[in-house]
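Results of the structural survey
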Amino acid sequence: MPVGDKLFPDKKKRLIELVTVLRPWLEGGQTQQAASQPAAPVQTPPIADPAQAVIYSPAASSTQPVTPIVKKPEVEKNIATLSIVAQIDTVLQARLVDTALAKRGVRLQDSPQGEVEVYVGLDKFNSVDEVPDEMIKATIRAAIAEWEDKYTPGL
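Description of the structure in this document. (Residues numbered from 1 in each chain as written. Predicted model: local features only at pLDDT ≥ 70, side-chain atom pairs only at ≥ 80, totals over all residues. Heavy atoms only, no water.)

The two faces of a sheet get side chains in turn, since along a regular strand they alternate between them. Two elements, strand β3 (residues 106-110) and strand β4 (residues 116-120), share five bridges in a ladder whose sense is antiparallel. Directly across from Asp110, in β4, lies its bridge partner Val116. Linkage of β3 to β4, two consecutive antiparallel strands, is achieved through a turn of five residues, within which Gly114 is found at a positive phi near 85 degrees. (Pairing = 2+ DSSP bridges. Helix = DSSP H or I, 4+ residues; strand = E, 2+ residues; numbered from the N terminus.)

Structure representation (C-alpha cells):
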C-alpha cells in the first residue's frame, strides 16, 4: 500500500478479523482470544463441479506447506442432474485418475453461451479441436464416447 493511501474503516476491520483468524495458524497453535471468538466467514467462489473440489489439509506446523488433497470424482453420483458438459467432464475426470494427464488440470466447463470450454491448466480453449496436445484431445474424445455409450442409450 503506498504511503499516502488510507485504509477505510470497513477494510481495516476486515483486515483485523483476518489477522485474528490467521495468527494462531501461523504461530502453530490457538491463542486464548482466537479460540473464544468465532472465525469470520471467508467467502469463496462457488465450485461449478463439486467433483473438482480441492480440499486442503491442515499442516502439522507453520513450517510445513499446506498440501492439497484432490477429491476423486464419483462418476455414478446422480450424473443425470448435471449439464451434458458436466456429465462428460465427470467421465473425463474418472478417466484421468492415475494417468500422466492427471496433474495437467484438464477439465471441461460450460461457457456462459452454453458451449464447452476446455481447460488445460490455466489455458482455455473454445473446443476440443483447439487443444494442441493430441493425447489430451484423444482422452477427451474417449470420455465423450464413453459418455455416449453409458448415458445416451439408443442414440
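Having seen it, we continue.
In a structure, side chains of opposite charge can pair up when their charged atoms sit close to one another. One pass over the full model with this rule turns up six salt bridges. Among the ionic pairs, Arg95 bridges to Glu146, the shortest N-O distance being 2.5 Å. On the criterion of sequence distance, the pair formed by Arg95 in helix α3 (residues 84-96) and Glu146 in helix α4 (residues 134-151) is long-range, its members being 51 residues apart. Residue classification places Glu146 among the partly exposed residues on the basis of a relative accessible area of 22%. Between Arg104 and Asp133 there is a salt bridge, with its nearest N and O atoms 3.3 Å apart. Of the two residues, Arg104 sits in the loop between α3 and β3 while Asp133 sits in the loop between β5 (123-125) and α4, which places them 29 residues apart along the sequence. A residue is classified by how much of its surface remains accessible, and Arg104, at 36% relative accessible area, is partly exposed. Each of Arg95, Glu146 and Lys150 takes part in salt bridges that share partners, so that together they form one network. (Salt bridge = Lys/Arg side-chain N within 4 Å of Asp/Glu carboxyl O. Buried < 20%, exposed > 50% of the residue type's maximum accessible area, 1.4 Å probe, protein only.)

This part takes up the environment of Gly114. By the element assignment, Gly114 lies in the loop between β3 and β4. Along the primary structure Gly114 and Ser83 are separated by 31 residues, whereas in three dimensions their C-alpha atoms are 9.8 Å apart.

Let us now look at the pairing of β4. Burial analysis of β4 places four of its five residues in the buried class, the great majority of the element. Of the strand pairs in this sheet, β4 and β5 are connected by three bridges, and their pairing is antiparallel. Paired with Val120 across the bridge in β5 is Asp123. Hairpin connection, β4 to β5: the antiparallel pair is bridged by two residues, and Gly121 has positive phi, about 65 degrees.

Our focus in this paragraph is the side chain of Thr139. For Thr139, the position within the fold is in helix α4. Given the relative accessible area of 17%, Thr139 is considered buried.

A few words on the packing of α3 against α4. In contact at an axis separation of 9 Å, α3 and α4 are set at 115 degrees when each is read in the N-to-C sense. Note that α3 runs across α4; the crossing there is right-handed. Only Thr139, Ile140, Ala142, Ala143, Ile144, Glu146, Trp147 and Tyr151 of α4 make contact with α3, whose side of the interface consists of Ile84, Gln87, Ile88, Val91, Leu92, Arg95 and Leu96. Of the residues that constitute the contact of α3 with α4, the class distribution is 11 nonpolar, two polar and two charged. (Axes fitted to C-alpha atoms, helices over the stretch in contact; angles between N-to-C directions. Left-handed = near helix turned anticlockwise from the far one by under 90°. Contact = heavy atoms within 4.5 Å. Nonpolar A, V, L, I, M, F, W, Y, C, P; charged D, E, K, R; others polar.)

The next subject is the nonpolar core. Grouped together as the largest cluster of nonpolar side chains are 18 residues, with contacts concentrated most on Leu92, Val106, Leu108, Val118, Ile136 and Ile140. The set of elements that each furnish at least two residues to this core consists of α3, β3, β4 and α4. When near neighbours in sequence (up to four residues on either side) are disregarded, Ile136 contacts Leu101, Arg104, Val106, Val120 and Val131. (Core = buried A, V, L, I, M, F, W, Y, C linked by side-chain atoms within 4.5 Å.)

Another point: the side chain of Asp89. You can see Asp89 is positioned in helix α3. With no salt bridge to any partner, buried Asp89 finds its closest opposite charge in Arg107, at an N-O distance of 7.0 Å. Separated by 2.8 Å, the side chain of Asp89 and the backbone nitrogen of Leu108 make a polar contact. (Lys, Arg positive; Asp, Glu negative; His and termini not counted. Polar contact = N/O pair within 3.5 Å; in protein donor to acceptor, adjacent residues only side chain to side chain.)

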